[in-house]
Amino acid sequence: MATIPPLASDWLVLGVPFILGLAGGFQSIYTKFGADSSRVLTTFSGWIYWLSRGLVPVVVYEIWYQLQDPPQDSFVAAALCGLGSEAILRSRFYLGDRQQPDGKIEEVAKGVFDLVHWYQALCLKGAGDKLAGERQAFIETLLAGEADFIALTGRSRSNAGAWAIEEDKQKLLNLTNDLEAKFNQAAQGLGGPKLDKLNRAFILEFGYAAMRLVGRRSLPTFFR
Amino acid sequence: MERLPIELDEPVKRIFFTIQDHKAMPFLEIAATTGIRGDELEEAVTTLAKEKLVTVSKPNDLFDSIISISGKYF
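Reference entry: report on the structure contained in this document. (Residues numbered from 1 in each chain as written. Chains lettered and ligands numbered in written order. Predicted model: local features only at pLDDT ≥ 70, side-chain atom pairs only at ≥ 80, totals over all residues.)

1. Side note on the overall build of chain B
Scanning chain B for helices and strands turns up three helices and three strands. Over its C-alpha atoms chain B spans a radius of gyration of 11 Å, differing by no more than 12% from the 11 Å that the globule rule assigns to 74 residues. For chain B, the C-alpha atoms occupy an extent of roughly 30 × 25 × 20 Å along the three principal directions. Here chain B holds 74 residues, and 36% of them are scored as buried. Taking contacts inside chain B between residues at least 6 apart in sequence as the whole, the part at least 24 apart equals 47%. (Helix = DSSP H or I, 4+ residues; strand = E, 2+ residues; numbered from the N terminus. Rg over C-alpha atoms; globule rule 2.2 N^0.38 Å. Buried ≥ 20, exposed ≤ 12 C-beta atoms within 10 Å, placed from the backbone. Contact = placed C-beta atoms within 7 Å.)

As structure tokens, this is what we get:
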């Protein structure tokens, strides 16, 4: 009966390419999502992407390990597999120039990076949609009982006084005043369902704008 | 970055790059971020969706939709 050969004589060595792959994967996530990167890792597709990026250099190392006779572990080879596979995954080769209809010249380059880009879009697009859905659910739940935009800005203006840092307080007051002025302008001559819709749109927009300024945790204090 | 297939007006371009930056956004979050709202925002998002630059989660209810960048421009 055929036996499965051991993946490594020293399991610790597999951690080297795995960690290097994870670092490269997280860097890609950070490039796409910035400050929201850690939230991406709370989504299933984000995790799958991150872990799979960690596993790619492990597989490369494993191929190198199994090709030896007899197989022998090496931390140096493990590190080289980690760094090397990251370099290959980011590579694109210049193929030539192409003239656009507007006359501009564009470089044509193809490589493994195009495959990585496709894989990123496949996995991380779902994560982006999920994060946007979470922000929407948070704001809509927080402001579900609000129907009157002017009443909300009145309360929020008083609540802004709770902010200890003068600069933050001023930003919140500026936002409140700015949106209130725009609402009053847009609401002129409106009534009935159209005014209700305008109220709802400005209430939710106010929620998203304030969340950008103070973050999710402080938002209930601003709108209570 | 992948070139845009058409020339976009300045506000539409601003909305596109905002969505590209965030990857996906609720419709009214775009208003909160760009300051473009109402009919102008609706028309811009409809144009972007028609050109397949973004996808709209609920095409019949833009107001309540999540707008995400298409895979090609992710």
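2. Describing the interface of chain A and chain B
Counting residues at the interface gives 20 residues for chain A and 15 residues for chain B. Listed by contribution, the elements that provide at least two residues to the side of chain A that touches chain B are helix 1 (12-33), helix 5 (112-142) and helix 8 (192-223) of chain A. At nine residues, helix 5 of chain A tops the list of elements feeding residues into the side of chain A that touches chain B. Of the residues in the side of chain A that touches chain B, the class split is eight nonpolar, five polar and seven charged. (Nonpolar A, V, L, I, M, F, W, Y, C, P; charged D, E, K, R; others polar.)

3. Some details on the packing of helix 3 (residues 44-67) of chain A against helix 4 (residues 75-89) of chain A
How two helices sit against one another is set out by the angle between their axes and by the gap between those axes. Residue and element names in this part refer to chain A. Where helix 3 contacts helix 4, the two axes come as close as 8 Å, and the packing angle between them is 125 degrees. With respect to helix 4, the axis of helix 3 lies oblique. Crossing hand, helix 3 versus helix 4: right-handed. Contacts between helix 3 and helix 4 involve Val-56, Pro-57, Val-60, Tyr-61 and Trp-64 from the first element and Ala-77, Ala-78, Cys-81, Gly-82, Ser-85, Glu-86 and Leu-89 from the second. Tallied by class, the residues present in the contact of helix 3 with helix 4 amount to nine nonpolar, two polar and one charged. (Axes fitted to C-alpha atoms, helices over the stretch in contact; angles between N-to-C directions. Parallel < 35°, antiparallel > 145°, perpendicular 65-115°, else oblique. Left-handed = near helix turned anticlockwise from the far one by under 90°.)

4. Some words on helix 2 (residues 27-34) of chain B
Across the eight residues of helix 2 of chain B, six count as buried, placing the element largely inside the fold. Phi for Gly-35 of chain B, located one or two positions after helix 2 of chain B, is positive at around 80 degrees.

5. Thoughts on unusual backbone geometry
Residue Pro-70 of chain A is bonded to the preceding Asp-69 of chain A through a cis peptide linkage, with omega at -5 degrees. With a phi close to 60 degrees, Lys-52 of chain B is a non-glycine residue in the positive phi region. You can see Lys-52 of chain B is positioned in the loop between helix 3 (38-50) and strand 2 (54-56). Exposure remark for Lys-52 of chain B: the 11 C-beta atoms within 10 Å place this residue in the exposed category.

6. Some points on the sheet that holds strand 1 (residues 24-26) of chain B
Residues and elements named next belong to chain B. Pairing within the open sheet is antiparallel, and its three strands lie in the order 1-3-2. Only two strands of the sheet have a single neighbouring strand rather than two, namely strand 1 and strand 2. Looking at each pair of strands side by side, their axes are set apart by 20 degrees on average, direction ignored. Pairing analysis gives three bridges linking strand 2 to strand 3 (residues 66-69), with the strands arranged antiparallel. Bridge pairing links Thr-55 to Ser-68 in strand 3. Across the sheet, helix 3 lies against strand 2 and strand 3, angled at about 110 degrees from strand 2, the strand it touches most. (Pairing = 2+ DSSP bridges.)

7. Topic: the environment of Leu-8 of chain B
Residue and element names in this part refer to chain B. Relative to the helices and strands, Leu-8 is located in the segment before helix 1 (10-22). The sequence separation of Leu-8 and Ala-31 amounts to 23 residues, and the corresponding C-alpha distance is 18 Å. The residues contacting Leu-8, other than those within four sequence positions of it, are Lys-13 and Phe-16.

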